[in-house]
Amino acid sequence: MASRIAILLPLRERITRSFSGAIGISVREFTLHSRNRASTQIFGANATDFPDILYHQIEDWKLWYRRNRTAYAQKFVQLAREHSLLEIHNRPTIAAYVRKQLPHRRVTLFFHNDPLTMEGAVTTADRLKLAAQLDAIYCVSQFVREQFMQGLSSDIDNIHTVHCGADLSCYPVAEKREKIIFFAGRIVAEKGILELLEAFSRVRDLIPDWRLAIAGEDKGGMLWRRLSPGCLNLGRLSHSETLQWFSRAEISVVPTVSAEPFGRVAMEAMGCGSALITSGSGGLKEIVGDEAVVVGRPDPAVLANAIVALANDPDRRRRLQVLGKSRIARMFDINRIVEKFDDVRDQLLTGDEPVLSQPRTVRPFSRPAAVGR
């Protein structure tokens, strides 16, 4: 079967056994569970070692006279022009470029980050243009969708929420959980790692049998001289290794300070049966519901109290572990999510050809006139 769907990864995104970013993991899982799997090709700038996806590494794309992102997009246009549906991940400017170059193809954009922080989607005018010219826009959470819709009319019908999904049949199950508090993610301030380290330093004498394990590449040296006794610096782990640690840890912590677009690590922690403590910022509340300890902004004192309380309450831990895993199976089953995702894709594939010169009409949000007091 000829490929009908072409997916473009961001320039630096990787899908390998040793390292995959959140976008790469999601794209591969969406593809593996899609009814369009045989007709879907993934394009990226980096090689993959996964044989279970149809993948094309984009090479020789650099041009000295073009910005890297534009040169990368130009090469993708050359390679994917025969595909019917082009799905651009997390790059509004590339989606707009591809739309302009291929006006008679279906072009969609998938946001994995807050649109208001991304070039090509910051202003209301930017987002109006994207909604008018693209055939569909997918948002990784309702939070991200609400960010995109700021200032836009609510009757725009091509903006969809598509959560990441979990295949619990592939998640590891440890024979016995250990007294480990586990953090996985980028070692940067916005992920709340400094607050977590401070919180653990305050409580380590109160829970001496517990260890804090940290997984993530520390490019900025943030962990240097900040690790107290009882802390393990695991460095960068593969996705499969990270899931193994989630399955071992009694408690996982996702203390993100800034608004998290989705929070895949929270979904995976709960899916592996680890009791979760989280800030609940951004899209995290959509994932955890009432089946996690939500502390709000992770002040070290508040976080420390939550850690001690959960460490000393095995019955509550067990309840959260069971309820959390059940919630992920119920709300984020990969097969159900991808089936709905494919429904939208199939509607686009079977619909009339788009015409760039006649974009859909979208309107900014109109506020009602103020009334007198």
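Description of the structure in this document. Keep in mind that this is a model prediction, so the values were computed, not measured.

**Quick notes on the overall build of the chain**
Here's step 1: A tally of regular secondary structure across the chain gives 12 helices and 13 strands.
Here's step 2: Taken against the 2.2 N^0.38 rule, which gives 21 Å for 373 residues, the C-alpha radius of gyration of the chain at 22 Å falls within 12% of a compact globule.
Here's step 3: Intrachain contacts of the chain at a sequence separation of at least 6 include 66% that bridge at least 24 residues.
Here's step 4: Total accessible area on the chain stands at roughly 17400 Å², and carbon and sulfur atoms take up 48% of it.
Here's step 5: Charge-centre separation for the chain: the mean point of 51 positive side chains lies 3 Å from the mean point of 42 negative side chains.

**Overview of unusual backbone geometry**
Here's step 1: The phi dihedral of D60 is positive, around 55°, even though this residue is not glycine.
Here's step 2: Positionally, D60 belongs in the loop between strand 3 (55-57) and helix 2 (68-80).
Here's step 3: Look at N90: it is not a glycine, yet its phi comes out positive at around 70°.

**What to know about the nonpolar core**
Here's step 1: Ranked by internal contacts, the top residues of the largest apolar core, which has 89 residues, are F76 and I287.
Here's step 2: Among the elements that line this core, the one with the most residues is helix 12 (residues 334-350), at seven residues.
Here's step 3: In this structure F76 touches A6, L8, F43, I58, L86, I88 and V98, once residues within four positions along its chain are discounted.
Here's step 4: Within the second largest apolar cluster, 30 residues are counted, among which are W210, I277, L303 and I307.

**Quick word on the side chain of Q74**
Here's step 1: By the secondary structure assignment, Q74 is in helix 2.
Here's step 2: Setting aside residues no more than four positions away along its own chain, Q74 makes contact with L63, R66 and Y97.

**Regarding the packing of aromatic side chains**
Here's step 1: The tally for this structure, following the rule as stated, stands at 12 aromatic pairs.
Here's step 2: On the numbers, 5.9 Å between centres and 80° between planes, the contact of F110 with F341 is edge-to-face. Residue F110 is located in strand 5 (residues 106-111), and its partner F341 is located in helix 12; the two are separated by 231 residues in the primary sequence.
Here's step 3: Its relative accessible area of 1% is what places F341 among the buried residues.
Here's step 4: Taking the centre distance of 4.8 Å and the plane angle of 80° together, the rings of Y138 and F341 count as edge-to-face. In this pair, Y138 is assigned in strand 6 (residues 136-139) and F341 in helix 12, connecting sequence segments 203 residues apart.
Here's step 5: A relative accessible area of 0% means that Y138 is categorised as buried.
Here's step 6: Here a set of aromatic residues connected by ring pairs shows up, and it is made of F30, F110, Y138 and F341.
Here's step 7: Positioned above the aromatic ring of F50, the side-chain terminus of R28 is 3.8 Å from the ring centre.
Here's step 8: Just above the ring of W245 sits the side chain of R248; from NZ or CZ to the centre is 4.1 Å.

**Structural notes on the packing of helix 8 (residues 264-271) against helix 11 (residues 314-331)**
In a packed pair of helices, the relevant descriptors are the angle between the two axes and the axis-to-axis distance.
Here's step 1: At a minimum axis separation of 7 Å, helix 8 and helix 11 run at an interaxial angle of 115°. Two secondary-structure elements touch here, helix 8 through M267, M270 and G271 and helix 11 through G324, K325, R327 and I328.
Here's step 2: In the contact of helix 8 with helix 11, the residues fall into three nonpolar, two polar and two charged.

Basis of the calculations
Residues numbered from 1 in each chain as written. Predicted model: local features only at pLDDT ≥ 70, side-chain atom pairs only at ≥ 80, totals over all residues. Heavy atoms only, no water. Helix = DSSP H or I, 4+ residues; strand = E, 2+ residues; numbered from the N terminus. Rg over C-alpha atoms; globule rule 2.2 N^0.38 Å. Contact = heavy atoms within 4.5 Å. Areas by Shrake-Rupley, 256 points an atom, 1.4 Å probe, with all protein chains shown as cover. Lys, Arg positive; Asp, Glu negative; His and termini not counted. Charge placed at Lys NZ, Arg CZ, Asp CG, Glu CD. Core = buried A, V, L, I, M, F, W, Y, C linked by side-chain atoms within 4.5 Å. Buried < 20%, exposed > 50% of the residue type's maximum accessible area, 1.4 Å probe, protein only. Phe/Tyr/Trp six-rings, centres within 6.5 Å; stacked < 30°, edge-to-face > 60°. Lys NZ or Arg CZ within 6 Å of the ring centre and 35° of its normal. Axes fitted to C-alpha atoms, helices over the stretch in contact; angles between N-to-C directions. Nonpolar A, V, L, I, M, F, W, Y, C, P; charged D, E, K, R; others polar.

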